[in-house]
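Survey of secondary and tertiary structure
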Amino acid sequence: MANVEGRASPSFIIIGAGISGILMGIRLLENGYRNFTILEKGDRLGGTWRDNTYPGVACDVAAHLYTYSFARNPWWQTRYAKGADIWRYYHSVARSHGVLPFIRYGKQVEAADFDGREWLVRTADGERYSADIVIAANGRLHHPVIPDIEGAASFEGAQFHTARWDHNVAVKGKRIGLIGTGSTATQIITNLAGDVARLSVFQRTPQWVFPVKNSNTPWWRRLAFLLSGKHWTHYYLQLRGETEARGKATTGSTEARHLRDQVCHDALAAIGDPALRAKLTPDYEVGCKRLVFSDGFYEAIQKPSVDVVTTRISHIAPAGIVTEDGMLHELDVLVFATGFDAHAYLRPMQVTGENGMTLETVWRDLPLTYHSMAIPHMPNFLLINGPYSPGGSASVVGIVETQVEYLLQLIKRIVQRDVLIAPREDAARNWLEDVRTQARNSVWGTGGCQSWYLDKDGVPTLNPITLSDLQAQLAVPDFNDFDERPRAVTV
Ligand code: N01
């Protein structure tokens, strides 16, 4: 049970020990707050880098940008890092910054109730915690979606979702069926093609692919990173510039967009077989779906052992997938690279704020937040990477670092004044309306595609903003946008 000792030692519950939760823990410690617990549903930290262990799992954002700004890692061996190396990095930073003792594993938060003074948090194993401040850092892409395809239960081979890869199942030399062609599927295809007897890719929609080179970083350069601040900074800024350009291409710069689009078109045009090229040619704008960055996808997909099946799936039979043309694609293993329920956010957690106001009520129409970090009627309940956070236009680490610095300013206010604060509903609605207008007009909304970015009304649920603009916007909170009142004293 977290101990509530009043404002001298405010108590915190952080939900989730992924990149955001670890960061929040580190920054709380650095600011002198030691009374916190991180509740993690899994048995290890690392969030997405714990869940995703599929063959080829890697990060298509340059590794040096996928690190905390205060814990740069000169030792990345390649420009883009493998998933296991990223997991090790975050684990080592959590350990070296003293966060590990604060994490409780196997603690899935089921409910958080505000009692007028503090939050009472319940986990699935029946434990109860109390805290002055709750910070939900549970991420967006952790509820795997498996489509309901007729006959799936009858399949005689192994089947699993990419985020639940079964490493007991051998894939080498086997006939693999892969449903989906998103960022995850393209990494798997690039890694597995050639190693398996046959890879049948069931593609509903082709992807635009931006080719990148995953070069090795020689030892002398890594050493130079370690020894030479100047060299290091130069390289970092160069990468940062590239990422900003990616963001600008999404958020509106015509020049950056044309440059990016041309690279994608050229890469596609280099496919020799016109029939395969036609199958892989999207009919929507570059960047509408999350752009795939890949070293080797087009080479892999052209291998003779890979089939791109564009005929729709009819059903699943004991021996494999049957497409609508009646053809049976015989398979030993079936992999669902079918993405995540990105719109669940905090749910199925039950959150009840002041005066019995539930999250379901506040979010009945839309997941209403203020700057993705606070919810009306939920005092001292904060979010990292909440609904409408930026996504494809900036690296997630930069985004969550920016949000955490903002949250620390709210926390300082809560603690120093011993108050409850929640955003005013009108301020949250104004902000949300503004973001939705920009999102609607971004390539995610206008580019003519379906993607997990879109909500039920077809409006992207991401904020199309570059990291530098986000940093400027969130530098100083506007406390006029918050309701603030003294914390009620219990007798
Ligand atoms: O999932 P997705 P993902 N029948 O939702 C198809 C991040 N990420 O796991 O396009 C047939 O993008 C669906 O088809 P369609 C990144 O943010 C980052 O690949 O809807 N197909 C689509 O092809 C990414 O955006 C990295 O027509 C079906 C695929 O499944 C996010 O994770 C690496 C189907 C789902 O694609 C999710 O990526 C990997 C059905 N019934 C992922 N249902 C980095 O490197 C769905 N599909 C940072």
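Residues numbered from 1 in each chain as written. Predicted model: local features only at pLDDT ≥ 70, side-chain atom pairs only at ≥ 80, totals over all residues. Heavy atoms only, no water.

A closer look at the environment of Ile384
Note the following rule: Think of it this way: any DSSP run of H or I at least four residues long counts as a helix, any run of E at least two long counts as a strand, and we number them from the N terminus. Only heavy atoms matter for contacts: two residues are in contact if any of them lie within 4.5 Å across the pair.
By the secondary structure assignment, Ile384 is in the loop between strand S19 (381–383) and helix H11 (396–417). Here the alpha-carbon distance between Ile384 and Asn35, two residues 349 residues apart in the chain, equals 19 Å. Beyond its immediate stretch of four places on either side in the chain, Ile384 contacts Ser20, Met24, Ile135, Ala136, Ala137, Val400, Gln403, Val404 and Leu407.

Things to note about the site of the ligand
Basically, it comes down to this: What makes a residue near a molecule or strand is one non-hydrogen atom of that residue sitting within 4 Å of it. N or O atoms within 3.5 Å of each other form a polar contact, as long as, within protein, one can give a hydrogen and the other can take it, and as long as residues adjacent in sequence are counted only when both atoms are side-chain atoms. Surface accessibility in these figures is a Shrake-Rupley result with a 1.4 Å probe; residues are shielded only by whichever protein chains are displayed. When residues are sorted by character, Ala, Val, Leu, Ile, Met, Phe, Trp, Tyr, Cys and Pro go into the nonpolar class, Asp, Glu, Lys and Arg into the charged class, and all the rest, Gly among them, into the polar class. Domain segmentation is taken from an automatic or database assignment of domains.
In the neighbourhood of the ligand, 22 residues make up the surrounding shell, with Thr181, Thr184, Thr205, Lys289 and Trp452 lying closest. Taking Thr181, its main chain carries an N or O atom lying 2.8 Å from an oxygen atom of the ligand. In the environment of the ligand, an oxygen atom lies 3.3 Å from a nitrogen or oxygen atom belonging to the side chain of Gln187. Protein chains shield 82% of the accessible area of the ligand, which is 930 Å² for the free molecule. Ranked by the residues each element gives to the shell around the ligand, the list is headed by helix H4 (residues 183–192), at 3 residues. Among the residues making up the shell around the ligand, the classes are represented as 9 nonpolar, 9 polar and 4 charged. Taken together, domain 1 (12–143 + 341–486) and domain 2 (152–208 + 250–336) each give at least three residues to the shell around the ligand, which thus spans both.

A word on the pattern of salt bridges
Under the convention used in this document: In what follows, salt bridge is the name for a side-chain nitrogen of Lys or Arg lying within 4 Å of a carboxyl oxygen of Asp or Glu. Exposure classes here rest on a 1.4 Å probe applied to the protein chains alone. A residue is buried below 20% of its type maximum, exposed above 50%, and partly exposed in between.
Evaluated as defined, the whole model comprises 23 salt bridges. The partner of Arg27 in a salt bridge is Glu405, and the shortest N-O contact between them spans 2.8 Å. With Arg27 in helix H1 (residues 19–30) and Glu405 in helix H11, this residue pair connects regions lying 378 residues apart in the sequence. Residue Arg122 is joined to Glu110 by a salt bridge in which the shortest nitrogen-to-oxygen separation is 3.4 Å. Linking Arg122 in strand S5 (residues 119–123) with Glu110 in strand S4 (residues 109–114), this pair joins segments that are 12 residues apart in sequence. We classify Arg122 as partly exposed; its relative accessible area is 28%. The exposure class assigned to Glu110 is partly exposed, which follows from its relative accessible area of 33%. Sharing partners across several salt bridges, the network here consists of Arg27, Glu30 and Glu405.

Section: the state of the cysteines
The bond known as a disulfide is covalent and runs between the sulfur atoms of two cysteines. Selection criterion: The rule for a disulfide is simple: a pair of cysteine sulfur atoms within 2.5 Å.
Here the structure, examined in full by the defined rule, presents 1 disulfide. Two residues share a disulfide in this structure: Cys288 and Cys449, whose sulfurs sit 2.1 Å from each other. The sign of the S-S torsion, about -90°, decides the handedness of the disulfide formed by Cys288 and Cys449: left-handed. With Cys288 in the loop between helix H8 (274–279) and strand S12 (292–294) and Cys449 in the loop between helix H13 (443–446) and helix H14 (467–473), this residue pair connects regions lying 161 residues apart in the sequence. Not part of a disulfide, Cys59 finds its nearest cysteine sulfur in Cys264, a span of 18 Å. What makes Cys59 buried here is its relative accessible area of 6%. No disulfide involves Cys264; its nearest neighbouring cysteine sulfur is the one of Cys288, lying 13 Å away.

Structural notes on the domain arrangement of the protein
Where we set the bar: As a working definition, buried area equals the accessible area (1.4 Å probe) given up by two parts on being put together, with both sides summed.
Taken domain by domain, the protein consists of domain 1 (12–143 + 341–486) and domain 2 (152–208 + 250–336). Taken together, the contacts link 25 residues of domain 1 with 21 residues of domain 2. Across the domain 1/domain 2 interface, buried area totals approximately 1900 Å², and carbon plus sulfur atoms make up 53% of it. The interface formed by domain 1 and domain 2 holds 1 salt bridge in total. In this structure, Asp60 engages Arg290 in a salt bridge whose closest nitrogen and oxygen atoms are separated by 2.7 Å. Where domain 1 packs against domain 2, one counts 6 residue pairs in polar contact (both at pLDDT 80 or more). A total of 3 residues in the side of domain 1 that touches domain 2 trace back to one element, the largest contributor, which is H13. Among the residues forming the side of domain 1 that touches domain 2, the class breakdown is 11 nonpolar, 12 polar and 2 charged.

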